[in-house]
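# Observations on the three-dimensional arrangement
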Amino acid sequence: MYTADFYDNNDELFFSGLLFFKKANGNASIFIDTASGTMSQVTSDKNIKENGKIAVFDENGHTELDMKLDYIKGHGNSTWKRWKKPYQIKLDKAADILGMGYAKKWILQSNVYDASGIRNSLVYSIAEKVGLNFTPEQRRCELYLNGRRLSGIFLGRTSENKGRRGLFSVPH
């Protein structure tokens, strides 16, 4: 998000405002605006939920999703104590985001412990290849919370299936 001023040929200001880019670093972009306009309540306690609006754009800048957000709340345990927080979001209605299938609940994984930016992707890819049940798909995204950019976030569906968490097992 940038503040921009545009002038005509006579150096007269004809537009001043905020400029948003829907495409960043070849990754999808997620824009979440909370009802309060701040994340202070949500980041103070991971169980506090706040509603808002969400828009998702694919890696080419095309609109994937634009709807009401039922809530955003904290997620995780050890990562919750770090500077870059993980979140769980619940959409107003189920949606297929970035080709990962329909779901209402999604995880925004912070990957704060993954300095390389590839560790979690690699592990999930291997888990999928060997056929581990309930391996969540994920996509690297640029996240904008109330206009503040958080890079290196991974969006994925929760491992819950009809209200139950999946039991992980190695196929024979």
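Residues numbered from 1 in each chain as written. Predicted model: local features only at pLDDT ≥ 70, side-chain atom pairs only at ≥ 80, totals over all residues. Heavy atoms only, no water.

All right, on to the pairing of strand β7 (residues 102-109) then. For strand β6 (residues 87-96) and β7, the ladder comprises six bridges, and the chain directions are antiparallel. Within β7, the residue paired with Tyr 87 across the bridge is Leu 108. If you look at the hairpin formed by β6 and β7, you'll find five residues sitting between the two strands, and Leu 98 has a positive phi there, around 55 degrees. In this sheet, strand β9 (residues 148-157) lies alongside β7 in antiparallel orientation, the contact comprising four bridges. (Pairing = 2+ DSSP bridges. Helix = DSSP H or I, 4+ residues; strand = E, 2+ residues; numbered from the N terminus.)

The strand order β3-β4-β5-β6-β7-β9-β8 describes a closed barrel built from seven strands, whose pairing is mixed. Put simply, the sheet's adjacent strands are angled 35 degrees from each other on average, direction ignored. (Axes fitted to C-alpha atoms, helices over the stretch in contact; angles between N-to-C directions.)

Per-residue confidence for the protein chain gives a mean pLDDT of 84; residues scoring 70 or more make up 86%. Contacts from residues 161-169, a stretch scored under 50 in pLDDT, to residues over four places away or in other chains number 13 contacts. (pLDDT = per-residue confidence, 0-100. Contact = heavy atoms within 4.5 Å.)

The next subject is unusual backbone geometry. Of note in this structure, Leu 98 is not a glycine but carries a positive phi near 55 degrees. Along the chain, Leu 98 falls in the loop between β6 and β7. Positive phi values are uncommon outside glycine, yet Asn 146 reaches one of about 50 degrees. As for its position among the elements, Asn 146 is in the loop between β8 (138-145) and β9. Asn 146 gets classed as partly exposed once you look at its relative accessible area, which sits at 21%. (Buried < 20%, exposed > 50% of the residue type's maximum accessible area, 1.4 Å probe, protein only.)

Taken as a whole and assessed by the stated rule, the structure comprises three aromatic pairs. Pairing Phe 31 with Phe 57 gives two aromatic rings, centres 5.8 Å apart and planes at 80 degrees, and the pair type is edge-to-face. Of this pair, Phe 31 sits in strand β3 (residues 28-34) while Phe 57 sits in strand β4 (residues 50-57); the two residues are 26 residues apart in sequence, bridging distant segments of the chain. Note on accessibility: Phe 31 and Phe 57 belong to one class, buried. (Phe/Tyr/Trp six-rings, centres within 6.5 Å; stacked < 30°, edge-to-face > 60°.)

Formed by 28 residues in total, the largest nonpolar core has its most connected members in Ile 32, Ile 54 and Leu 91. Secondary structure elements with two or more residues in this core: β3, β4, β5 (63-74), β6, β7, β8 and β9. In contact with Ile 54, not counting residues within four places along its chain, are Ile 30, Phe 31, Ile 32, Leu 65, Asp 66, Met 67, Leu 69, Ile 89 and Leu 91. (Core = buried A, V, L, I, M, F, W, Y, C linked by side-chain atoms within 4.5 Å.)

On to the environment of Val 112. Mapped onto the secondary structure, Val 112 falls in the loop between β7 and α2 (119-129). Remark: the alpha-carbon pair of Val 112 and Arg 82, spanning 30 residues in sequence, is separated by 7.3 Å. Once residues within four sequence positions are removed from consideration, Val 112 is found in contact with Thr 79, Arg 82, Trp 83 and Lys 84.

Judged by side-chain polarity, Phe 6, Phe 14 and Phe 15 come together as a nonpolar surface patch covering roughly 320 Å² of accessible area. If you trace the backbone, Phe 6 turns up in strand β1 (residues 2-7). (Patch = residues over 30% accessible without salt bridge, like charges linked within 9 Å, V, L, I, M, F, W, Y side chains within 5 Å. Areas by Shrake-Rupley, 256 points an atom, 1.4 Å probe, with all protein chains shown as cover. Salt bridge = Lys/Arg side-chain N within 4 Å of Asp/Glu carboxyl O.)

This brings us to the side chain of Asn 111. Summarising the element assignment, Asn 111 is placed in the loop between β7 and α2. Asn 111 sits in the buried class, given a relative accessible area of 10%.

With respect to the helices, strands and loops of the structure, Gln 138 is situated in strand β8. Beyond its immediate sequence surroundings of up to four residues, Gln 138 is in contact with Met 100, Gln 109, Asn 120, Ser 121, Tyr 124, Phe 154, Leu 155 and Gly 156.

Our next topic: the pattern of salt bridges. Summed over the entire model, instances satisfying the criterion amount to four salt bridges. A salt bridge links Lys 53 to Asp 66, with the shortest nitrogen-to-oxygen separation between them at 2.6 Å. Residue Lys 53 is located in strand β4, and its partner Asp 66 is located in strand β5; the two are separated by 13 residues in the primary sequence. Under the relative-accessibility criterion, Lys 53 is labelled partly exposed at 44%. Between Arg 149 and Glu 142 there is a salt bridge, and its shortest N-O distance comes to 2.8 Å. Judged by relative accessible area, Glu 142 falls into the buried class, the value being 1%.

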